[in-house]
Amino acid sequence: MTIERRTLGLLAGAALLPATARSQPAYPSRVVRIVVPYPAGGATDVIARMIGEKLTAQWGQPVVIENRAGAGATLGAELVSRAEPDGYTLFETTSAHTISRSLYRNLTYDPIRDFTAITLTAIVPLVLVTAKRVPANDLQGFIAWGKAQRQGITFGTTGNGTAQHLTAALFKLKADVAGEFVPYRGDAPLNTDLLAGLVDASFSTLSAVLPYILSGELKAIALAHGRRMDAVPNVPTFAESGMAEFEAATWFGTFAPRGLPNEMREKIARDISAIVAEPAFTRRLVEMGGDVTNYPPARFDQFIAAETARWAEAVRVSGATIN
């Protein structure tokens, strides 16, 4: 066969390929946005920006953060659910994503069906902290003190249906103590009143109260996690304190709209996992009171299913609902 005939054969074969196969550029070939459903400066935003900066260098394309805060993280989620599943819109969110499926009556999207789970980056456990005026120093002492309060315990929360609120509701049931929830617009005002002793206790993310635990301004009673954390090695877990199978955390993970091609899903997961495994990234998460998880897509799918079921039960117990 002559060179000319071989060349004509190759050209003819290429012509039979779909246009997308012949013209599809390597991913990514343009700007990628990571939607964060919280304001700038929070833990989710910080983690997204750490990942975005590294991906920009790794991919050779800008990775920009777009903050779409509001409605308990559902505004950002709705935006992403309507985006094209082409890898150019990603979503960095938290456990609020799995809570929303049971909490909100009128969601315009399904938090599971309408998203592709890519990778779980980190977990920050909740910790039971109390004001310094509370006389208890351990879990059993706190429960005994709570039972002795005529009005019950006041639990500060960051709002109706949040992980803090739902975890406190489960604790009340399991410990058989009375109490009421005092909602705040975020960790900052809640911590202000905790420090002032205006509320008794809170199930807070470890990152939000870590400085006050280390300074002794708040008491850390027990950690809702499977093991002790390096940031607070002297704080026992609930299991160690006599309350088994009581774990709750805020987690951080990356998603995309439903329909993301599997090869793209695997690539993004691998690239983010490489970033999370870097010592500097791990060190920063530990400083924030977090645990690096680095779950691949299949394991993240399993985690999401378990979290959705667990928070559905917490919503049911609490009676919380949002229209």
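Caption draft 1: Expanded view of the side chain of Asp291. Assignment of secondary structure puts Asp291 in strand 10 (residues 291–295). Under the relative-accessibility criterion, Asp291 is labelled buried at 13%. Among the polar contacts made by the side chain of Asp291, one reaches the side chain of Arg227 at a distance of 2.4 Å. Setting aside residues up to four positions removed in sequence, Asp291 forms contacts with Thr121, Ala122, Ile123, His225, Arg227 and Met229.

Caption draft 2: Quick look at the packing of helix 3 (residues 43–59) against helix 10 (residues 262–276). It is the contact of helix 3 with helix 10, at a shortest axis distance of 10 Å, that shows an interaxial angle of 115°. The angle between the axes of helix 3 and helix 10 places the two elements in the roughly perpendicular class. Helix 3 and helix 10 meet at a crossing whose hand is right-handed. Touching Ile51, Lys54, Leu55, Gln58 and Trp59 of helix 3 are Lys267, Ile268, Asp271, Ile272 and Ile275, all from helix 10. For the contact of helix 3 with helix 10, the class distribution of residues is 6 nonpolar, 1 polar and 3 charged.

Caption draft 3: Region of the structure containing the pattern of salt bridges. For the structure on display, the rule yields 18 salt bridges. Between Asp110 and Arg101 there is a salt bridge, and its shortest N-O distance comes to 3.2 Å. Its relative accessible area of 39% is what places Arg101 among the partly exposed residues. Residue Asp200 is joined to Arg133 by a salt bridge in which the shortest nitrogen-to-oxygen separation is 2.4 Å. Here Asp200, found in the loop between helix 8 (187–196) and strand 7 (201–205), pairs with Arg133, found in the loop between strand 4 (115–131) and helix 6 (139–148); they are 67 residues apart in sequence, far enough to count as distant. Beyond isolated ion pairs, a larger network of salt bridges with shared partners links Arg101, Asp110, Arg113, Asp114 and Arg258.

Caption draft 4: How the structure looks around the packing of aromatic side chains. If you walk through the whole model with that rule in mind, you get 22 aromatic pairs. Aromatic pair Tyr27 and Trp59: ring centres 5.5 Å apart, planes at 65°, arrangement edge-to-face. Here Trp59 lies in helix 3 and Tyr27 lies in the loop between helix 2 (19–23) and strand 1 (32–36), a separation of 32 residues in the sequence. Take Trp59: its relative accessible area is 10%, and that puts it in the buried class. On the numbers, 5.2 Å between centres and 55° between planes, the contact of Phe255 with Phe300 is tilted. With a gap of 45 residues between them, Phe255 in strand 9 (residues 249–257) and Phe300 in helix 12 (residues 297–318) connect regions that are remote in the sequence. Comparing Phe255 with Phe300 shows no difference in burial state: the two are buried. Cluster of aromatic residues (ring-pair linked, three or more members): Phe91, Tyr109, Phe115, Trp251, Phe255, Tyr295, Phe300 and Phe303. The aromatic ring of Tyr88 is capped on one face by Arg30, whose charged end is 3.7 Å from the ring centroid.

Reading the values: rules and limits
Residues numbered from 1 in each chain as written. Predicted model: local features only at pLDDT ≥ 70, side-chain atom pairs only at ≥ 80, totals over all residues. Heavy atoms only, no water. Helix = DSSP H or I, 4+ residues; strand = E, 2+ residues; numbered from the N terminus. Buried < 20%, exposed > 50% of the residue type's maximum accessible area, 1.4 Å probe, protein only. Polar contact = N/O pair within 3.5 Å; in protein donor to acceptor, adjacent residues only side chain to side chain. Contact = heavy atoms within 4.5 Å. Axes fitted to C-alpha atoms, helices over the stretch in contact; angles between N-to-C directions. Parallel < 35°, antiparallel > 145°, perpendicular 65-115°, else oblique. Left-handed = near helix turned anticlockwise from the far one by under 90°. Nonpolar A, V, L, I, M, F, W, Y, C, P; charged D, E, K, R; others polar. Salt bridge = Lys/Arg side-chain N within 4 Å of Asp/Glu carboxyl O. Phe/Tyr/Trp six-rings, centres within 6.5 Å; stacked < 30°, edge-to-face > 60°. Lys NZ or Arg CZ within 6 Å of the ring centre and 35° of its normal.

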